[in-house]
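Structure assessment
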Amino acid sequence: MSKAIKISQFQQALEAVEVLSLEDQAWVLDILQNRLRQERGNELPKEVAEVRQEYAEGNVKFGSVADFMVDLDESDWNLL
């Protein structure tokens, strides 16, 4: 879906909510916040599974910030 269509749909949604009473707008906001919380909660187990997989594959390193900075200095990355 193009960016223009997404913006248009977003604008339409805003306009649809704006014509509602303040009480109804508050209800819409409450419903959307609850749905967002639920979606974020659904994503958490997926993220945990991904991290566990990375750990099982040995792709996770532990250490201090100083260790991280040393690794950055020693890496082959040329950031400049």
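Each remark here, short or long, concerns the structure printed above.
Structure report, in brief. From a predicted model like this one, the values you see are computed outputs, not experimental measurements.

Looking at a negative patch on the surface
There is a patch of like negative charges on the surface, built from E47, E50, E54 and E57. Here E50 lies in helix α2 (residues 22-56).

Section: the environment of Q33
Here Q33 is to be found in helix α2. The partly exposed category is assigned to Q33, whose relative accessible area is 37%. Q33 sits 25 residues away from S8 along the chain, and the two C-alpha atoms are 22 Å apart.

Some points on the environment of V70
Mapping V70 onto the fold places it in helix α3 (residues 65-74). Sequence separation of V70 and K3 is 67 residues, and the distance between their C-alpha atoms is 42 Å.

Section: the packing of aromatic side chains
Enumeration over the complete set of coordinates arrives at one aromatic pair. Judged by centre distance (6.0 Å) and plane angle (70°), the rings of Y55 and F62 are edge-to-face.

Some words on the pattern of salt bridges
Taken as a whole, this structure holds two salt bridges when the rule is applied. The residue E43 makes a salt bridge to K46 at a minimum N-O spacing of 3.5 Å. With E43 and K46 both in helix α2, this residue pair falls three residues apart, about one helical turn. Note on K46: relative accessible area 48%, which makes it partly exposed. Note that D71 and K61 form a salt bridge whose closest N and O atoms lie 2.9 Å from each other. Of this pair, D71 sits in helix α3 while K61 sits in the loop between α2 and α3, and the two are 10 residues apart along the sequence. Overall, D71 belongs to the partly exposed group, its relative accessible area being 34%.

Rules used in this analysis
Residues numbered from 1 in each chain as written. Predicted model: local features only at pLDDT ≥ 70, side-chain atom pairs only at ≥ 80, totals over all residues. Heavy atoms only, no water. Patch = residues over 30% accessible without salt bridge, like charges linked within 9 Å, V, L, I, M, F, W, Y side chains within 5 Å. Areas by Shrake-Rupley, 256 points an atom, 1.4 Å probe, with all protein chains shown as cover. Salt bridge = Lys/Arg side-chain N within 4 Å of Asp/Glu carboxyl O. Lys, Arg positive; Asp, Glu negative; His and termini not counted. Charge placed at Lys NZ, Arg CZ, Asp CG, Glu CD. Helix = DSSP H or I, 4+ residues; strand = E, 2+ residues; numbered from the N terminus. Buried < 20%, exposed > 50% of the residue type's maximum accessible area, 1.4 Å probe, protein only. Phe/Tyr/Trp six-rings, centres within 6.5 Å; stacked < 30°, edge-to-face > 60°.

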